[in-house]
2 protein chains.
Amino acid sequence: MPSKVDSKEERGYIIPIGGREDKLASPTVLKRFIDLAGGEDAKIAVIPTASKLPDTGDEYVKIFNSMGVRDVYNLKIETRLDATVNEEYLNTLSECTGVFMTGGNQLLLSTTLGGTPIAQMIRRLSARGVHVAGTSAGAAFMSGFMIASGQPGLMPRCNMVSLAPGLGLTNKLLVDQHFSQRDRLGRLLTALSYNPYMVGIGIDEDTGAFLNPAGVVEVVGSGMITIVDFSHLKHSSMHNARDDDPISLVDIRMHLLLEGQKYNLNTHLVEF
Amino acid sequence: MPSKVDSKEERGYIIPIGGREDKLASPTVLKRFIDLAGGEDAKIAVIPTASKLPDTGDEYVKIFNSMGVRDVYNLKIETRLDATVNEEYLNTLSECTGVFMTGGNQLLLSTTLGGTPIAQMIRRLSARGVHVAGTSAGAAFMSGFMIASGQPGLMPRCNMVSLAPGLGLTNKLLVDQHFSQRDRLGRLLTALSYNPYMVGIGIDEDTGAFLNPAGVVEVVGSGMITIVDFSHLKHSSMHNARDDDPISLVDIRMHLLLEGQKYNLNTHLVEF
């Protein structure tokens, strides 16, 4: 369950980004995140844990600096020990107005941060109004369940996807990233077919799903967001399927949304 | 408009097949077509016009013979002249209980047969109860509109598909074939977005969509059929799009169906 929100406070935005967001010519997605977090006065913590490259955190510090944010901190959390005993990281994090998780491998995020004081702190901050963004692996990790790995393709098949517990900032979403670029509708449908209560959000590259505290997702960026709504599902053959069997699904509702369009997770409707 | 059905008669099945149907080990789709057309007593006309290979028609004659049908005729219609003045072809066709159009290029079918006595005859036969099947290009050609060509991909984009008039056995369907194998959801969505009245049917290889006279489509074969229903569509951005722009679509209904499942084109519901 996501951390409880104090009655006086409002939850922060939860911002999964589909990967490969523009960092130079028109960094619309990152700019919107910065604006939410306070613009030039934002304090942003970068968490590069998903990445195996040594410079990923420093690069995002430079990017956010170049966009006018002075206070950007690279929390180089590489081990569970870093995520547990490093008081400096916890203190820095606790004063931030925005948290940004980079891309890489979402299993590095979940295995390194899962259950640590850093993960607990990010959950509490989100409940207190701090905005948390993640790109690619960082996006996958944000929800209660994440897609750990899978195969590309249009059709859902039984064994094409692996789920794992995520950070749990929200339980309403199941996120997939690099969505149309890597042909991932099949694996998202398979992942949702296990238990249709979640809304599937397939996010293209250079595109962010800005989920506000009221439960409304807004599309920001140059790509598309595919909303997959199983709330009316009448039939799934998942319980009978095995190996590579295709999965029959009856009454999938789907919306393909571009920049500025909004979807309400509570009403399951696109807002006009 | 499809040819009118005489009040005493029933329209034949319309059977688009997704291509690469099994012809040897378990020819489920072809077997079902043969059974409808009369089993061993069927008289089947093969129309290989879509194919540029010289043997396609003869090969299907052998296949149907090997499945127990004695009376199989290869109508080698290669030009508009063949489709216009060849009385023997017309006479043979008029006595058939089943018509089978092979794969190849659907534009060869439409440019060679469009408006000829052969096309008119197939339409009248279908209205009189003769079952008409087509595989791959032959499947694309059957409806009032066909997808002439397009690009693969998950997301609909403005310029990714070309439509052309088809044979017009039904106006309710827009067919796409080799559907998940060639990643064709995007182009089917684009094609439907021009005018949402049609139901999109994406047919996988070795799979047939058996449309009965009551308007119910049944899945036969080893693959999946993707039904795309735009009858509840609330928004399409197609009128504003150009070049390679992605198309926003709100409230797509989709069903992924396997062998034995049925979809009613009149009620827009999967039948249980």
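Up top is the structure.
Reference entry: report on the structure contained in this document.

What counts, and where the lines are drawn
- Residues numbered from 1 in each chain as written.
- Chains lettered and ligands numbered in written order.
- Predicted model: local features only at pLDDT ≥ 70, side-chain atom pairs only at ≥ 80, totals over all residues.
- Heavy atoms only, no water.
- Axes fitted to C-alpha atoms, helices over the stretch in contact; angles between N-to-C directions.
- Helix = DSSP H or I, 4+ residues; strand = E, 2+ residues; numbered from the N terminus.
- Parallel < 35°, antiparallel > 145°, perpendicular 65-115°, else oblique.
- Contact = heavy atoms within 4.5 Å.
- Nonpolar A, V, L, I, M, F, W, Y, C, P; charged D, E, K, R; others polar.
- Buried < 20%, exposed > 50% of the residue type's maximum accessible area, 1.4 Å probe, protein only.
- Core = buried A, V, L, I, M, F, W, Y, C linked by side-chain atoms within 4.5 Å.
- Buried area = accessible area lost by both parts, 1.4 Å probe.
- Salt bridge = Lys/Arg side-chain N within 4 Å of Asp/Glu carboxyl O.
- Polar contact = N/O pair within 3.5 Å; in protein donor to acceptor, adjacent residues only side chain to side chain.
- Pairing = 2+ DSSP bridges.

When two helices pack together, you describe them by how their axes are tilted relative to each other and by the distance separating the axes. Residues and elements named next belong to chain B. In contact at an axis separation of 10 Å, helix α4 (residues 87-94) and helix α6 (residues 117-128) are set at 10 degrees when each is read in the N-to-C sense. With respect to each other, α4 and α6 are oriented roughly parallel. Contacts from Tyr 89, Leu 90, Leu 93 and Ser 94 of α4 reach α6 at Pro 117, Ile 118, Met 121, Ile 122, Leu 125 and Arg 128. Among the residues forming the contact of α4 with α6, the class breakdown is eight nonpolar, one polar and one charged.

So, about the environment of Thr28(B). All names here are of chain B. Secondary-structure assignment places Thr 28 in helix α1 (residues 28-37). Using a relative accessible area of 36% as the deciding quantity, one classes Thr 28 as partly exposed. For the pair Thr 28 and Asp 206, spaced 178 residues apart in sequence, the C-alpha separation works out to 8.5 Å. When neighbours within four sequence positions are excluded, Thr 28 is seen to be in contact with Val 220 and Glu 259.

Nonpolar side chains tend to gather and get buried jointly when the protein is soluble and globular. By size, the foremost hydrophobic cluster in this structure holds 51 residues, and its most contacted members are Leu185(A), Val228(A), Ile252(A), Leu185(B) and Val228(B). Contributing elements (two or more residues each) for this core: α8 (185-193) and β14 (249-257) of chain A together with α8 (185-193) and β14 (249-257) of chain B. For Leu185(A), the residues in contact, after removing those within four places along its chain, are Gly153(A), Leu154(A), Phe179(A), Val228(A), Met254(A), Leu154(B), Leu185(B) and Met254(B).

Here the focus is the interface of chain B and chain A. With 31 residues of chain B in contact, the opposing surface of chain A contributes 31 residues. Both faces combined, the contact of chain B with chain A buries some 2500 Å², and carbon together with sulfur accounts for 71% of it. At the junction of chain B and chain A, the tally comes to zero salt bridges. On the surface where chain B and chain A come into contact, there are 11 residue pairs in polar contact (both at pLDDT 80 or more). Going through the elements one at a time, α8 and β14 of chain B are the ones with two or more residues in the side of chain B that touches chain A. The element best represented in the side of chain B that touches chain A is β14(B), accounting for nine residues. The class makeup of the residues in the side of chain B that touches chain A is 18 nonpolar, seven polar and six charged. The pairing of β14(A) with β14(B) spans five bridges and is antiparallel. Paired with Leu249(A) across the bridge in β14(B) is Leu256(B).

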